[in-house]
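One letter stands for each residue in the lines below.
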Amino acid sequence: MRTLAIVNQKGGCGKTTTAVNLAGALAADGHRVLVVDMDPQAHATLALGFDPEALDENLYEVLAEPVGSPAAGRLSDVLQRWSEGLHLAPSGIVLSALEQKLTAERAERRTERLEAALATVHQDYDYAVIDCPPNVGVLTFNALRAAQEVIVPLEPSDFAIHGVQKLLETVALLSDRIGSDLSVRILPTLYDGRTRYARDTLAEIRELFGNLCFDTVIRSNVKLREAVRRGQPICSFARKANGTLDYAALALELSLAPPAELAADATANAALVGGDREIAMRYRDPGATDVRIAGDFNGWVPDKDVQSLVQAEGSERVWTKLLNLPPGTYHYRYVVDGEWREDPDNPNAVPGPVGGRNSVLVVR
Ligand SMILES: Nc1ncnc2c1ncn2[C@@H]1O[C@H](COP(=O)(O)OP(=O)(O)O)[C@@H](O)[C@H]1O
Ligand SMILES: [Mg+2]
C-alpha cells in the first residue's frame, strides 16, 4: 500500500478536493483506494456523500486508544464503502477532542496511532490517501508518520508560497527525526491560466521548487465544487471536465514515479555516509546566543562529535547540527545558553531519567 498525505496548514488550497478526486481517479484506474479523513471538519467524509453525524463510528474509535491496544484493529470496522474500489475511513467532530486530548496528555507514541491502524489494512488497498486538517498539529503528525509521500496542494499566490516554504522545513525536519524518506511534492491547484498573475506565480513556483513540483496542474473548475455537493468524485459524473482530466493526469504522474525512485531526491536532509546517516537537526530561537546538542550519541557531552552551523534568517538565528549516526534510536536534548531543553519541534519525547523530557530521534 502506498500512503499519501495531503498536507498544507493553509485552508482552502484544495487538500480535500485533491484527496477525494485523486482517490476517485486512482479507483477509476482499477486501484483499491482508501480515503482517510483526518480533519475534524469531516469535509472528505461529506464530499463522499456521508453525513458524519449519522455515522455511529469513525476514526476516533480507532485513534483514541494507545498503540498496542486492540483499537488499531478496529479500523476495518469503521470503514465505509463508496464503491467497490473506493472506501473511506470517516471523520467527525469528535476528532477535535482527540486532537486536544493527545496534545494535552503528551501520551506515549501519540503520533504513531494512524500508522498502527493503517498497518492492519495494508494488504487490502493499493493506495491510502489521507486528508489533513488545516494545521500542523498532532493529527497531521499522525498522517506524516503513516505516509511515505506527501502532496502539498498550493494555490498560486505570494502568501501561499511563503507559507509552503515553512511547511517544507517542518516536513523535512520531521522526516529527519523519524528517519524516514518522506518524499514531498507540490501540486499547483486552483490555477486560472487566464490571469497574468496566476501564470507568473506558477512560473515562480516552478522556478523555486523545481523537481519538487508535479508537472500536473489542477485548474480551477466549477465542476469540482459541484462534486462536493453531489458527494461524488468528479470522474463519476463529469468525465470530460477539466477537473476529471487533471486528477487523472495526477494519478498517472504518481503511478509513473513510485516511491523508491522518489526517495533518491527526497527533501529530507539525510544522506548516506558510509554505513552512517548524516542527519541535520535544526533549532531556531530568536533569544538564544549559544545552542548545543547532547544525547546518547555523544555521551551527553554538548556538541561533542557534532558539526555546528549558525545562520541568520531575518531577525532569527537558526542552528544546524550535523550528526553522523548509524541506524538506531537516540535520546537527546538541546542545551540553550546552558539550559537543557526538549526539542520544541519534535513531538516524540520521553521522560528523562533525571526529570524533564528527552526528545527521541529514530535513524533508519
Ligand atoms: N480546482 C478547483 N477548482 C474550483 N474549485 C476548487 C478547486 N479546488 C478546490 N476548490 C474549491 O475550493 C474550496 C476549498 O477547497 P478544499 O479542497 O476544501 O480545500 P482545503 O481542504 O485545503 O481546505 C472548496 O469549496 C472547493 O470546492
Ligand atoms: Mg479540507
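1. Considerations on helix 1 (residues 15-28)
Note that an α-helix has 3.6 residues per turn; residues three or four places apart therefore point the same way.
Next, step 1: When the terminal C-alpha atoms of helix 1 are compared, their 20 Å separation across 14 residues agrees well with the 20 Å that a helix rising 1.5 Å per residue should span.
Next, step 2: Judged by how many residues are buried, helix 1 sits mostly within the fold: 12 of 14 residues are covered.
Next, step 3: Listed as buried for helix 1 are Lys-15, Thr-16, Thr-18, Ala-19, Val-20, Asn-21, Leu-22, Ala-23, Gly-24, Ala-25, Leu-26 and Ala-27.
Next, step 4: Immediately downstream of helix 1, the backbone of Gly-30 shows phi near 95°, a positive value.

2. Section: the layout of surface pockets
Next, step 1: By volume, the largest pocket amounts to about 550 Å³.
Next, step 2: Taken together, 25 residues make up the lining of the largest pocket; nearest its centre are Gly-12, Cys-13, Gly-14, Thr-17 and Arg-225.
Next, step 3: For the lining of the largest pocket, the elements supplying multiple residues, two or more each, are helix 1, helix 2 (43-47) and helix 10 (222-230).
Next, step 4: What the second largest pocket holds in volume is close to 460 Å³.
Next, step 5: At the level of elements, helix 7 (138-146), helix 8 (158-177) and strand 9 (276-284) are the ones that each hand at least two residues to the lining of the second largest pocket.
Next, step 6: Top element by residues in the lining of the second largest pocket is helix 8. It accounts for 6 residues.

3. Here we look at unusual backbone geometry
Leaving glycine out, the prevailing phi sign among residues is negative, and the prevailing peptide bond configuration is trans.
Next, step 1: Unlike most non-glycine residues, Leu-190 shows phi in positive territory, near 50°.
Next, step 2: Topologically, Leu-190 is positioned in the loop between strand 7 (183-188) and helix 9 (196-209).
Next, step 3: Here the phi dihedral of Asp-337 falls at roughly 50°; this positive angle occurs in a residue that is not glycine.
Next, step 4: Summarising the element assignment, Asp-337 is placed in the loop between strand 13 (328-336) and strand 14 (339-341).

4. With respect to the sheet that holds strand 1 (residues 2-6)
Next, step 1: Read across the open sheet, the 7 strands follow the order 3-4-2-5-1-6-7; overall the sheet is mixed. Edge positions in the open sheet fall to strand 3 (80-83) and strand 7, since each of these has one partner strand only. Neighbour-to-neighbour, the strand axes of the sheet open up by a mean angle of 25°, direction not taken into account.
Next, step 2: Strand direction decides the pairing type here: strand 2 (residues 33-37) and strand 4 (residues 86-89), joined by 4 bridges, are parallel. Paired with Val-33 across the strands is Leu-86, a residue of strand 4.

5. What to know about the packing of aromatic side chains
Next, step 1: Inspection of every chain in the model, using the stated rule, returns 4 aromatic pairs.
Next, step 2: Here Tyr-283 and Tyr-334 contribute two aromatic rings whose centre-to-centre distance is 4.6 Å and whose plane-to-plane angle is 50°, an arrangement assigned as tilted. With a gap of 51 residues between them, Tyr-283 in strand 9 and Tyr-334 in strand 13 connect regions that are remote in the sequence.
Next, step 3: Take Tyr-283: its relative accessible area is 3%, and that puts it in the buried class.
Next, step 4: Relative to Trp-340, the ring of Trp-300 has its centre 6.4 Å away and its plane inclined at 35°; by these criteria the two rings are tilted. Of this pair, Trp-300 sits in the loop between strand 10 (291-295) and strand 11 (307-313) while Trp-340 sits in strand 14, placing them 40 residues apart in sequence.

6. A look at the site of ligand 1
Next, step 1: In the vicinity of ligand 1 there are 14 residues, among which Gly-12, Lys-15, Thr-16, Thr-17 and Asn-221 approach most closely.
Next, step 2: Contact between ligand 1 and Asn-221: a nitrogen atom at 2.8 Å from a main-chain N or O atom of the residue.
Next, step 3: The separation between an oxygen atom of ligand 1 and a polar side-chain atom of Arg-225 is 3.3 Å.
Next, step 4: Burial of ligand 1 by the surrounding chains reaches 82%, relative to a free accessible area of 550 Å².
Next, step 5: When contributions to the shell around ligand 1 are tallied by element, the ones reaching two or more residues are helix 1 and helix 10.
Next, step 6: Counting residues per element, the shell around ligand 1 draws most heavily on helix 1, at 3 residues.

7. Things to note about the domain arrangement of the protein chain
Next, step 1: One can read the domain layout of the protein chain as domain 1 (2-263) and domain 2 (271-363).
Next, step 2: When domain 1 packs against domain 2, the two sides together hide about 1400 Å² of surface, and 39% of this comes from carbon and sulfur.
Next, step 3: In terms of surface lost to domain 2, no three residues of domain 1 exceed Arg-106, Asp-176 and Arg-177, which account for 45% of the buried area on that side.
Next, step 4: One can count 0 salt bridges joining domain 1 with domain 2.
Next, step 5: Between domain 1 and domain 2 we count 0 residue pairs in polar contact (both at pLDDT 80 or more) in total.
Next, step 6: Elements that contribute at least two residues to the side of domain 1 that touches domain 2 include exactly helix 7 and helix 8.
Next, step 7: Looking at the side of domain 1 that touches domain 2 element by element, the count peaks at 6 residues for helix 8.
Next, step 8: Residues belonging to the side of domain 1 that touches domain 2 are distributed by class as follows: 4 nonpolar, 2 polar and 10 charged.

Conventions used here
- Residues numbered from 1 in each chain as written.
- Chains lettered and ligands numbered in written order.
- Predicted model: local features only at pLDDT ≥ 70, side-chain atom pairs only at ≥ 80, totals over all residues.
- Heavy atoms only, no water.
- Helix = DSSP H or I, 4+ residues; strand = E, 2+ residues; numbered from the N terminus.
- Expected span 1.5 Å × (residues − 1).
- Buried < 20%, exposed > 50% of the residue type's maximum accessible area, 1.4 Å probe, protein only.
- 1 Å grid on protein atoms, 1.4 Å probe; cavity = no way out; pocket = protein on both sides within 12 Å on 5 of 7 lines; lining within 4 Å.
- Points joined across faces, edges and corners; volume = space filled by probe spheres on them.
- Pairing = 2+ DSSP bridges.
- Axes fitted to C-alpha atoms, helices over the stretch in contact; angles between N-to-C directions.
- Phe/Tyr/Trp six-rings, centres within 6.5 Å; stacked < 30°, edge-to-face > 60°.
- Near = heavy atom within 4 Å.
- Polar contact = N/O pair within 3.5 Å; in protein donor to acceptor, adjacent residues only side chain to side chain.
- Areas by Shrake-Rupley, 256 points an atom, 1.4 Å probe, with all protein chains shown as cover.
- Domains from an automatic or database assignment.
- Buried area = accessible area lost by both parts, 1.4 Å probe.
- Salt bridge = Lys/Arg side-chain N within 4 Å of Asp/Glu carboxyl O.
- Nonpolar A, V, L, I, M, F, W, Y, C, P; charged D, E, K, R; others polar.

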